[in-house]
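Each chain is listed here by its residues.
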Amino acid sequence: MSRSGRLCRVVFCALVAGALLFSVLTPARSGELVTLRFSNWHLVEDVWGRSLREAINIFESRNPGIRITPEPISYAEKEPRYQAECAARRMPDVVKLHNFSLAMFFELGCAADLTPFVQRKGPGFLKTWYEFPLKMLTYRGRLMAMPDDFQSIVLIYNQELFRAAGLDPKRPPRTWTEFLEYSRRLTRDVDGDGRIDQWGFSIPASKNPGLPLRIMPIVWSFGADFITEDGRRSAMNTPEFREAFRFIVELATVHKVVPPGVTTFGPQDVRIQMAQRRIAMKIGSAWSYPIVNALNPQLNAAQVLEAAPVPVGRRRITAAWLDAWVMSPHTRYPEEAWKFIEFLTSKEIEKKFFEDNRVISSRKDVNTLPMVRTDKFSRVIVAELEHARLEPFIKEWPEIFDAFATALQEAITGAKPAERALLDAHTRVEEILARRR
Amino acid sequence: MSVGVLRLRLSARRGRVRERIAGYLFVAPAILLLGAVLAYPAFVSLRLSFTVAGSPTGLGLDQYRLLLRSSLFWQVVRQTGTFVAISVGAHLILGMLLALALNRPLMGRTPLRIMVLLPWVVPDVVAGIVWKWILNPLYGVLNDVLLELHLVQSPLEWIASPKLALFSVILANVWRGFPFVMVILLAGLQAIPEELYEAAAIDGAGPLASFRHITLPGLRKVLVVALALDTIWEVRRFGLIQAMTGGGPGTLTEVLSTQVFKQYFQFFRFEYASAMAMAMTALLLLISIPYVRMIVREE
Amino acid sequence: MPGLFSSRSPLAAAAIYTFLLAVGVYVIFPFLWMLLTSLKTETEALQIPVVWLPVRPTLKAYAVMWIRKNYAVYFLNSTVVSLITALLSSLLGALAGYGFSRFALRGRGVLMGFVLTTQMLPGVLVVGPYFKILSAVGLYDTRTGLIIAFLTICLPFATWMLKGFIDGIPRELDDAARVDGCSWLGIFARIVMPLVLPGLVATILFAFLLAWGDLLWVSTLTHSESMVTVTLAIARTVQEFYVNWPELMAGALIGGVPSILLYLLMQRWLVQGLTAGAIKQ
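Bear in mind the structure is a predicted one, so any value in this text is a computation, not a measurement. (Residues numbered from 1 in each chain as written. Chains lettered and ligands numbered in written order. Predicted model: local features only at pLDDT ≥ 70, side-chain atom pairs only at ≥ 80, totals over all residues. Heavy atoms only, no water.)

(A) Examining the pattern of salt bridges more closely. Residues and elements named next belong to chain A. In total, this model carries 40 salt bridges over all chains according to the counting rule given. With its nearest N and O atoms 2.9 Å apart, the salt bridge here joins Arg314 to Glu243. With Arg314 in the loop between β10 (305-308) and β11 (318-327) and Glu243 in helix α10 (residues 239-253), this residue pair connects regions lying 71 residues apart in the sequence. Residue Glu243 is classed as partly exposed on the basis of its relative accessible area, which comes to 30%. (Salt bridge = Lys/Arg side-chain N within 4 Å of Asp/Glu carboxyl O. Helix = DSSP H or I, 4+ residues; strand = E, 2+ residues; numbered from the N terminus. Buried < 20%, exposed > 50% of the residue type's maximum accessible area, 1.4 Å probe, protein only.)

Here it is as structure tokens:
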């Protein structure tokens, strides 16, 4: 290397090193301000993020001594990150988690006990929230998180496609038999080129956290369940479960009412399909139609889409999405963190979130407001909350469901015969639960 | 013995000692840095893998026993082996051919050289996402091309199909990874003096012979290093596979790195995941011993 | 000229160009697709049947990624961290590679094996403890902390690569300089390094790319918006509830620019080795 070349390089390095030192040595801001670190995947989303930041601004303007530092994180990153941060005692002061991993965080000791704060508010305080979510967030008798979004899973369908197929949009399928028949009528070649381009139904059968929510209503309504009541044995070998499993698998393999590649779909793919009128029905909740609307404004989702209860099998039951605010067990400002959590779950803010994002909260007083009751989606979702159930709150749930999802994929893609795939999953779940004992 | 000879011997010994010390000083910064930063994590992982709740010392081999008895583990090992072997093999062949071709004075050589480096510029998660998009049965452009050319009747389910899934992942991985081998080989090729080839040509050696007797031996050291590193990296390949298939369909594209991730971050089985990771490390060690020996023995 | 492809027959040339064309298609096509997608509107990107050329190409996705999403900061972070990691690891790796190559160290195999072994610990396991270490020394959520973490990937790689290249330089040159009274460091800096320039350049480049493309560590070892790197930003556009494909593709393409620039800058030195090789005599 020539002398000038090396000099160049040295100067360059020095500049970079200088920049780095500068960035490292810039002092952090200090002061009498209490700074709360706040992390939520909604901050990364366009619409929800805006709504949340507005709420943050309102809070800060009312509490001049508290500053909120938003830490955006993506949905997939949150569990690994919060877990690593908790282990190093550096978890953000307030985070949001949802039912899939809440049990684990409770068990790991990564959620602060909110009972003292709640008790201070008096005996009637908690009555405003539905009992069911509160019960789920109680671990060993202590309330470990404040419930936020609580929405039941419903059937969402496209009225226009119904009409085009000769089905009455005011009469959505009420049983799974009807559902199958509707799906077949709705699977057609729309543009006459000989290839099917519209399907009756779609489901995100890839291994994603949204799949349990869509599978559980089907399985439960067939009268089956994944594990026994006491949580000690697998219940995946009951005749009812096998029936439910076969039903779902055959939607893809025999009746072909779902688009090809269903085992690679994530929830987003299914929403895109609905936005493009490729599918007539899907399973979802309050978040569905604003997103579908954003994907294709021409669809006019607000008018064209309708919500109905999930079809009934042997019982009328559906799943629910629950997320909750968790306070870091190592927070230096528990009082301020509680203030913020209380603010986020207040009637005023839950109402705002409904207006902005159409999400249903766990507050009874907001769900009985006229604006919620007259919205055609929210109305159904709130009504179905009565029949809603949550997944088992045990640490092994993600692993148990993974066994099921594996069997589902193997059966749909033909890697294994359906019965064998299910049997293997059942065996695996037995092994998992045996570890608990 | 004369004093002079003794003194010569002593100074020679001192010279050797000084030489050795100099050698240690050269390698010290790297070794110390690596040791300092990695010692703690390695120790924690090792200890976690031997953790057994309920045993008197808190330690035991249970996690390893569970691991070795798990049929899924062995399936994953097999799949990892297939994935790595084919990926590295394809990297080698493609990289070598390209390096040889691009070493010639060709028209448009510089833009070509830039072009073939491009896949490495893309982080492997992004590569996974893009390839998944290209192979999509509904929106994917590859199926579109195949349909237009009437090579298939209906769209192929690349990622969903039990038969094609692993192949799809390998296809994306070969695309993403060959530039590394190619650039390294290109740099190594240029270190081989032209005179050797000219001399061989004068002696009447054909292209294949000079490849075998001049190119390959000259590239040997660099080739071994490139392969060793590529093998290790492909065993650790995570983002690409996770983004494309998530290990599916079922468990047919699970490799060790995706399994470790699942067990650790999704199922929260820290001890089991550590044992699997240790097994993965042991496997890598086994693979690299021949490489290390090959390099070290030369001297 | 390397023997295998030295034949001047037109047939050979045609074969070579066909091969290069095929490879070219394989390599470029995904990029072409990324580019085309980034110029489409969102609806257009999701059309069935597939639309190849955007009806009305738009740069909106790029505008959104660059302006609204703060890309300049991410660029700075990625560039600073990756560049320093690459340079530092190449420097230390060159020193260590030289030491391993030229000196008869006791336990050399063990030490070299150790360096290689550090590459083998899966990142997933190491992340948690790293987090704790960096927190303890106050380097969590800093660029310096990231550099230290990345060094552990890039340094072993650089050491092994450079040792391989240094091995290719005949020892006689060293001995000649030694006789002339040159110090070890002098030999290293003035004789060996210039001759392994192609290898050094390749190593720096790859170390840069390795650091640039990391996702797991960047996501766990930082939490502020101001520390986000380009790779992390791109990964985050794939949200659970919403993926904007044109934006994602635009982001990925912009994200590749520094690496390509670096390669353009350095590839001159990669080629330089051709003349340097002739000096060895």
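(B) Just a nonpolar patch on the surface, in detail. Taken together, the side chains of B:Val17, B:Ile21 and B:Leu25 present a nonpolar region at the surface, about 290 Å² in accessible area. Considering the arrangement of structural elements, one finds B:Val17 in helix α1 (residues 3-49). (Patch = residues over 30% accessible without salt bridge, like charges linked within 9 Å, V, L, I, M, F, W, Y side chains within 5 Å. Areas by Shrake-Rupley, 256 points an atom, 1.4 Å probe, with all protein chains shown as cover.)

(C) The confidence of the model for chain A, seen in detail. Mean pLDDT over chain A works out to 89, with 93% of the residues at or above the 70 mark. A low-confidence stretch, residues 26-30 of chain A (pLDDT under 50), is modelled with one contact involving residues beyond four sequence positions or located in other chains. (pLDDT = per-residue confidence, 0-100. Contact = heavy atoms within 4.5 Å.)

(D) The arrangement of helix α6 (residues 141-148) of chain B in detail. Of all the positions in α6(B), only B:Val141, B:Asn143, B:Asp144, B:Leu146 and B:Leu147 are classed as buried. Close packing links the buried residues of α6(B) with α5 (124-134) of chain B together with α1 (10-38) of chain C. At the C-terminal side of α6(B), B:His150 shows a positive phi close to 60°.

(E) Molecular detail of the domain arrangement of chain A. Residue and element names in this part refer to chain A. Entries for chain A in the domain assignment read domain 1 (31-151 + 321-389) and domain 2 (154-320 + 392-434). One C-alpha centre belongs to domain 1, the other to domain 2, and the line joining them spans 28 Å. At the boundary of domain 1 with domain 2, total buried surface from both sides reaches about 2700 Å², with 69% on carbon and sulfur atoms. The three residues of domain 1 that bury the most area against domain 2 are Phe100, Phe377 and Arg389, which together make up 30% of that side's buried surface. Between domain 1 and domain 2 we count three salt bridges in total. The salt bridge involving Asp225 is made with Arg389; its shortest N-O contact spans 2.8 Å. Where domain 1 touches domain 2, the interface holds ten residue pairs in polar contact (both at pLDDT 80 or more). Mapped by element, the contributors of at least two residues to the side of domain 1 that touches domain 2 are α4 (99-108), β6 (146-152), β11, α18 (376-384) and β12 (388-389). The element that contributes the greatest number of residues to the side of domain 1 that touches domain 2 is α4, accounting for seven residues. (Domains from an automatic or database assignment. Buried area = accessible area lost by both parts, 1.4 Å probe. Polar contact = N/O pair within 3.5 Å; in protein donor to acceptor, adjacent residues only side chain to side chain.)

(F) Broad picture of the domain arrangement of chain B. Residue and element names in this part refer to chain B. By domain assignment, chain B separates into domain 1 (3-49) and domain 2 (63-298). Inter-centroid distance (C-alpha atoms) of domain 1 to domain 2 is 35 Å. Facing four residues of domain 1, the contacting portion of domain 2 comprises seven residues. Each partner contributes to the roughly 460 Å² buried at the junction of domain 1 and domain 2, and carbon and sulfur atoms together form 69% of this total. Across the domain 1-domain 2 interface, the total number found is zero salt bridges. Across the contact surface, domain 1 and domain 2 share one residue pair in polar contact (both at pLDDT 80 or more).

(G) Representation of the layout of surface pockets in the model. Taken as a whole, the second largest pocket spans an internal volume of roughly 930 Å³. Lining the second largest pocket are 34 residues, with A:Trp199, A:Pro259, A:Pro260, B:Leu138 and B:Pro155 sitting closest to its centre. Contributing elements (two or more residues each) for the lining of the second largest pocket: α10 and α19 (397-413) of chain A together with α6 of chain B. Among the elements that make up the lining of the second largest pocket, the one with the highest residue count is α6(B) (three residues). Partitioning the lining of the second largest pocket into residue classes produces 17 nonpolar, eight polar and nine charged. (1 Å grid on protein atoms, 1.4 Å probe; cavity = no way out; pocket = protein on both sides within 12 Å on 5 of 7 lines; lining within 4 Å. Points joined across faces, edges and corners; volume = space filled by probe spheres on them. Nonpolar A, V, L, I, M, F, W, Y, C, P; charged D, E, K, R; others polar.)

(H) Here's a closer look at the interface of chain C and chain B. In this assembly, 103 residues from chain C lie in contact with 99 residues from chain B. For the interface between chain C and chain B, the tally reads five residue pairs in polar contact (both at pLDDT 80 or more). Tallied by class, the residues present in the side of chain C that touches chain B amount to 75 nonpolar, 22 polar and six charged.

(I) Just the sheet that holds strand β8 (residues 199-201) of chain A, in detail. Residues and elements named next belong to chain A. Within the open sheet, the four strands sit side by side as β8-β9-β7-β10. Their pairing is mixed. With partners counted over all chains shown, the strands left at the sheet margins are β8 and β10, one partner each. Neighbour-to-neighbour, the strand axes of the sheet open up by a mean angle of 20°, direction not taken into account. Pairing of strand β7 (residues 154-158) with β10 involves four bridges; the strand directions are antiparallel. Counterpart to Leu155 in the pairing with β10 is Ala308. On top of the sheet, helix α11 (residues 267-275) reaches β7, β9 (279-284) and β10; it is set at about 140° to β9, its chief contact. (Pairing = 2+ DSSP bridges. Axes fitted to C-alpha atoms, helices over the stretch in contact; angles between N-to-C directions.)

(J) A look at the packing of helix α8 (residues 194-202) of chain B against helix α9 (residues 207-236) of chain B. Residues and elements named next belong to chain B. Between α8 and α9, the least distance of the axes is 11 Å, while the angle of their chain directions is 150°. The orientation of α8 relative to α9 falls into the category roughly antiparallel. Two packed elements cross with a definite hand, and for α8 against α9 that hand is right-handed. Mapping the contact onto sequence places Leu196, Tyr197 and Ala200 in α8 and Ser210, Ile214 and Thr215 in α9. (Parallel < 35°, antiparallel > 145°, perpendicular 65-115°, else oblique. Left-handed = near helix turned anticlockwise from the far one by under 90°.)

(K) The state of the cysteines, seen in detail. All names here are of chain A. Taken as a whole, this structure holds one disulfide over all chains when the rule is applied. A sulfur-sulfur distance of 1.9 Å marks the disulfide that ties Cys86 to Cys110. As the torsion about the S-S bond is roughly -95°, the Cys86-Cys110 disulfide counts as left-handed. Taken as a pair, Cys86 in helix α3 (residues 78-87) and Cys110 in the loop between α4 and α5 (115-120) lie far apart in primary sequence, 24 residues in all. (Disulfide = S-S within 2.5 Å.)

(L) Local environment of the packing of aromatic side chains. In the structure shown here, the tally under the stated rule is 63 aromatic pairs over all chains. Ring geometry for A:Phe105 against B:Phe268: centres 6.5 Å apart, planes inclined by 85°, an arrangement best described as edge-to-face. With A:Phe105 in helix α4 and B:Phe268 in the loop between α11 (256-266) and α12 (270-297), this pair bridges two chains. With respect to burial, A:Phe105 and B:Phe268 carry one shared label: buried. On the basis of an interplanar angle of 80° and a centroid distance of 4.5 Å, the ring pair of B:Trp120 and C:Phe206 is categorised as edge-to-face. Within this pair, whereas B:Trp120 is found in helix α4 (residues 109-121), its partner C:Phe206 is found in helix α10 (residues 197-212), the two belonging to separate chains. Like C:Phe206, B:Trp120 is buried. An aromatic cluster of three or more residues is present, and its members are A:Phe105, B:Phe238, B:Phe261, B:Tyr264, B:Phe265, B:Phe268 and B:Phe270. For the cation-ring pair, A:Lys96 lies above A:Trp325, with the distance from its terminal atom to the ring centre recorded as 4.6 Å. Against the face of A:Trp220 rests A:Arg389, its NZ or CZ located 4.2 Å from the ring centre. (Phe/Tyr/Trp six-rings, centres within 6.5 Å; stacked < 30°, edge-to-face > 60°. Lys NZ or Arg CZ within 6 Å of the ring centre and 35° of its normal.)

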